[in-house]
Amino acid sequence: MTTAGPLKPLTDMKTDETGTIVDILGGEGVTKRLAAIGVIPGKTVKKISSISARGPVTIKIDRAQLALGYGMASKVLVKAAG
Amino acid sequence: MKILLMGNPNVGKSVLFSRLTGVRVISSNYPGTTVGFTRGFLRVRGEKAEIIDVPGSYTLDPSSEAERVAAEMVNTGDVIINVVNATNLERNLYLTLQLLERDIPMVVALNMWDDTRHRGIDIDLNRLEALLGVPVVPTAAIAGQGVRELVDTLPQARRVANPPQSRDERWVRVGQIIDQVQQISHKHHRWFERLEDASVKPLSGFFIAAAVLSLSFLVIRYLGESIIGYGMDPLFEGLWLPVLDRLSAFLGGGGILHDVLIGKKIDGAIDFVQSFGLLSSGLYVPFAMVLPYIVSFYLVLGILEDSGYLPRLAVLMDTAMHRIGLHGFAIIPTLLGLGCNVPAIMATRILESRRERFIAATLVAIAIPCASLQAMIVGLVGGKGWVYLAVVYGTLFLVWVLLGAILNRVLSGLSPELLIEIPPYRLPPWHLLFQKLWMRIWGFLLEAVPIVLAAVLVVNLLYLTHVFSLLADLVAPVVTGVLGLPREAITAIVVGFLRKDVAMGMLALLDLGARQLVVGSVVLAMSFPCIATFVVLLRELGLRDLIKSTAIMLFSAVAVGGLLNAILSQLGIH
């Protein structure tokens, strides 16, 4: 039903856009920290905001709101929904 | 028996701990309030059991000091109470599964249970219990519900010892459990949720931050001033002064005992600020000058903490904070430092790297004046005009920014990025708010008042024995030459090591001009922190980093004080 959108990092998503996490680019360190807080492939995310050009990104995941630094957010690859 | 309270950050472990033990602990609505562990006792079936409030952690593979504490403690427990946030089960069960792999009996407390219904969350308790293999007890710690049932269930704690799984396997399992036990019915956007989103969007977010911070400042100031103007001053002038006048007459109006107890008379009368006796300034400074601001500051801070606003401020500040080598979350220890540097430096444990902790702790110790010192600065420097007050605060802010930027450049390594969970907004639970406020006020009274009295006594004795004049001769070149302060100011700086508020009170005795008072305040704020801060710096940073931090402190205090003196002199300000 949903048409699969192109892959893009969280940082490139638009405000209020939703998508599914597909992959975490980057080493075990980043993957581990993100996984601990619930950012793992397969989860649905909704982007809430970007603070500034290279500022942190806030997202909603499992009804929790998370804030990720820009570098980390750029490593989270998302397939946008429709 | 040793019971461990474990769970994700900000799920209400500390509130539950208070309920279980009657021990009062500080709780707030942001992840990482508890950085050390607190122990208490409760009775399980008539038997005394020890219970420990373990810092929150998402996983047993640690990435911060607080998580390291949790990971190390897990093996020391006889029973684990895994506190789980019922409104966000899927995020909490990962740690639950990890804990179930340990060979330790466990009970799950499904906390915030009262919050699930209006959020449209329905959890099948029996099914969850069957899938996890341990008892599950719904609780609402803030309201005090389910606590008794939880204690009664402890003897039925079950040892599961599941075979260890990989991270991905655990997440798959979490998904399977959630599918079977949880149903969500869609609820409309609540008013709070709109406000939550608006507080982290660029435009509305900064507008809200500006409004919240200026409102906080105004409330702290007016509440503090009102307590002084309508409460403390009338009390001291109307009730206490007549008593002291009589005592003074009784002691013959002079002599050693008179000077120690009541102090020197200023223009023939007792002056609560300048007389500097144990019963005059020794009581007036802590109770009438500092306490009112302690009350107003911690009331406002408590509301900010419990509403859930602070993590949002951290997100907004992140980009700016990176320039001083910290990420946004470091704003929380910094704000705590405006109250007292001791808990602020302990709170730097929520920062991940050693480098960040060093920068944050050093900046707090040097550039963040505590409430006691600020109350005195506002009282004394403010009397010379608000411009001078602005110069003191402006200088300290500049020092904070510049020193942070320099440390960020000089120290090797990079600071990690921000990664936090932002809690939902919550109306502060008033009973917890006032309990926390009372704990902090009581802590101030217990720790500050005896030291203030001791400091005043020591000052009087040192004056009598002329030790100060020897000391003053020794450092006179720096104090008079570079800082442009009278030699006697050195005594204040030395006393600052005991209590900053008393030290500031001593500066008031010297009949300083505006320039000298400004320079004195800044140097006092930046130079040696008080002894309590010093001890906690040693504990948190270790001896080597403490020496490094102190060297930076001394150098920057003299440099900034000298520069400020030169600039203000150039401007012709005495």
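Focus: the overall build of chain B
No. 1: Each helix and strand counted, chain B has 23 helices and nine strands in total.
No. 2: Taking 574 residues into account, the globule formula puts the C-alpha radius of gyration at 25 Å, and chain B, at 27 Å, falls close to it.
No. 3: Along the first, second and third principal axes, the C-alpha atoms of chain B reach 80 × 55 × 45 Å.
No. 4: Across the 574 residues that make up chain B, the buried fraction comes to 57%.

Quick notes on the pattern of salt bridges
No. 1: Counted by the stated rule, this structure contains 23 salt bridges over all chains.
No. 2: Residues A:E17 and A:K8 are paired through a salt bridge, measuring 3.1 Å at the closest nitrogen-oxygen approach. The same class applies to A:E17 and to A:K8, which are both buried.
No. 3: Of the charged contacts, one joins B:D103 and B:R159 as a salt bridge, the two residues approaching to 3.7 Å between their closest N and O atoms. Here the residue B:D103 occupies a position in the loop between α3 (89-100) and β5 (106-111), and B:R159 occupies one in the loop between α5 (147-153) and α6 (167-181), the gap between them amounting to 56 residues.

Quick notes on the nonpolar core
No. 1: Ranked by size, the top nonpolar core spans 133 residues in total, and within it B:L326 and B:M504 carry the most contacts.
No. 2: Counting residues per element, this core draws most heavily on helix α10 (residues 281-307) of chain B, which supplies 15 residues.
No. 3: Look past the residues within four positions of B:M504 in its chain and what remains in contact with it is B:L373, B:M376, B:I377, B:L380, B:V381, B:L517, B:S521 and B:L524.
No. 4: A:A35, B:M73, B:V74 and B:A86 belong to the second largest nonpolar core, which has 36 residues in total.

Things to note about the interface of chain B and chain A
The parts lose accessible area when they come together, and the size of an interface is often stated as this lost area.
No. 1: Across the contact, 32 residues belong to chain B and 34 residues belong to chain A.
No. 2: Summing both sides of the interface, chain B and chain A together bury roughly 2900 Å²; the carbon and sulfur share of this comes to 53%.
No. 3: For the pair chain B and chain A, the interface holds four salt bridges.
No. 4: The shortest N-O distance in the salt bridge between B:E352 and A:R33 comes to 2.9 Å.
No. 5: Linking chain B with chain A are 15 residue pairs in polar contact (both at pLDDT 80 or more).
No. 6: Put simply, the parts of the chain that give the side of chain B that touches chain A at least two residues each are α3, α6, β8 (182-184), α7 (191-198), α8 (202-250), α11 (310-322) and β9 (419-422) of chain B.
No. 7: Among the elements that take part in the side of chain B that touches chain A, α11(B) stands out by supplying five residues, more than any other.
No. 8: Counted by class, the side of chain B that touches chain A contains 14 nonpolar, six polar and 12 charged residues.
No. 9: The pairing of strand β5 (residues 64-68) of chain A with β9(B) spans four bridges and is antiparallel.

A closer look at helix α1 (residues 28-36) of chain A
No. 1: What α1(A) keeps buried is the set A:T31, A:R33, A:L34, A:A35 and A:A36.
No. 2: In the core, the buried residues of α1(A) are packed alongside β2 (18-24), β5, α2 (70-73) and β6 (76-81) of chain A together with α6 and β9 of chain B.

Some words on the packing of aromatic side chains
For any pair of aromatic rings, geometry is given as the distance between the ring centres together with the angle between the planes.
All names here are of chain B.
No. 1: A complete count under the given rule lists 11 aromatic pairs over all chains for this structure.
No. 2: Seen from their ring centres, F192 and Y425 are 6.5 Å apart, and the 80° between their planes marks the pair as edge-to-face. Here F192, found in helix α7, pairs with Y425, found in the loop between β9 and α17 (430-465); they are 233 residues apart in sequence, far enough to count as distant.
No. 3: Owing to a relative accessible area of 22%, F192 belongs among the partly exposed residues under this scheme.
No. 4: Assessed through its relative accessible area of 10%, Y425 is described here as buried.
No. 5: When the ring of F236 is compared with that of F272, the centres are 5.3 Å apart and the planes differ by 85°; the resulting orientation is edge-to-face. Here F272 lies in the loop between α9 (256-261) and α10 and F236 lies in helix α8, a separation of 36 residues in the sequence.
No. 6: Following the ring pairs from residue to residue traces out a cluster consisting of W191, F192 and Y425.
No. 7: In this arrangement the basic side chain of R221 is found over the ring face of Y222, its NZ or CZ atom lying 5.2 Å from the centre.
No. 8: The lysine or arginine in question, R312, covers the ring of Y425, its NZ or CZ lying 4.0 Å from the ring centre.

Rules used throughout
- Position numbers for residues count from 1 along each chain, tracking the sequence in the order it is written.
- Chains carry letters from A onward and ligands carry numbers from 1 onward, assigned in written order.
- Local features in this predicted model are restricted to residues whose pLDDT is 70 or higher, and side-chain atom pairs enter the listing and the counts only when it is 80 or higher, whereas totals over whole chains, interfaces and linings include all residues.
- Hydrogen atoms and water are omitted, and side-chain values are computed over all heavy atoms in the structure.
- Put simply, DSSP marks the helices as runs of H or I at least four residues long and the strands as runs of E at least two long, and each gets a number from the N terminus on.
- Our radius of gyration looks at C-alpha atoms and nothing else; its globule reference is 2.2 Å times the residue count to the power 0.38.
- Only protein chains enter the accessibility calculation, which uses a 1.4 Å probe; a residue is then buried when its area is under 20% of its type maximum, exposed when over 50%, and partly exposed in between.
- Salt bridges are defined as contacts in which a side-chain nitrogen from Lys or Arg sits within 4 Å of a carboxyl oxygen from Asp or Glu.
- Among buried residues, the Ala, Val, Leu, Ile, Met, Phe, Trp, Tyr and Cys ones that are joined through side-chain atoms within 4.5 Å form a nonpolar core.
- Whether two residues touch is decided by their heavy atoms; if any such pair falls within 4.5 Å, the residues are in contact.
- The term buried area means the drop in 1.4 Å probe accessible area that two parts suffer when joined, counted for both and summed.
- Any pair of N or O atoms that falls within 3.5 Å is considered a polar contact. Within protein, one atom must be able to donate a hydrogen and the other to accept it, and sequence-neighbouring residues count only if both atoms are side-chain atoms.
- The nonpolar class holds Ala, Val, Leu, Ile, Met, Phe, Trp, Tyr, Cys and Pro. Asp, Glu, Lys and Arg form the charged class, and all remaining residues, Gly among them, are polar.
- Strands are labelled as partners when DSSP assigns at least two bridges between them.
- Each Phe, Tyr or Trp ring, with Trp reduced to its six-membered ring, pairs with another whose centre is within 6.5 Å; inter-plane angles below 30 degrees give stacked pairs, above 60 give edge-to-face pairs, and intermediate values give tilted ones.
- Definition used: whenever NZ (Lys) or CZ (Arg) falls within 6 Å of the ring centre and also within 35 degrees of the ring normal, the charge is taken to sit over that ring.

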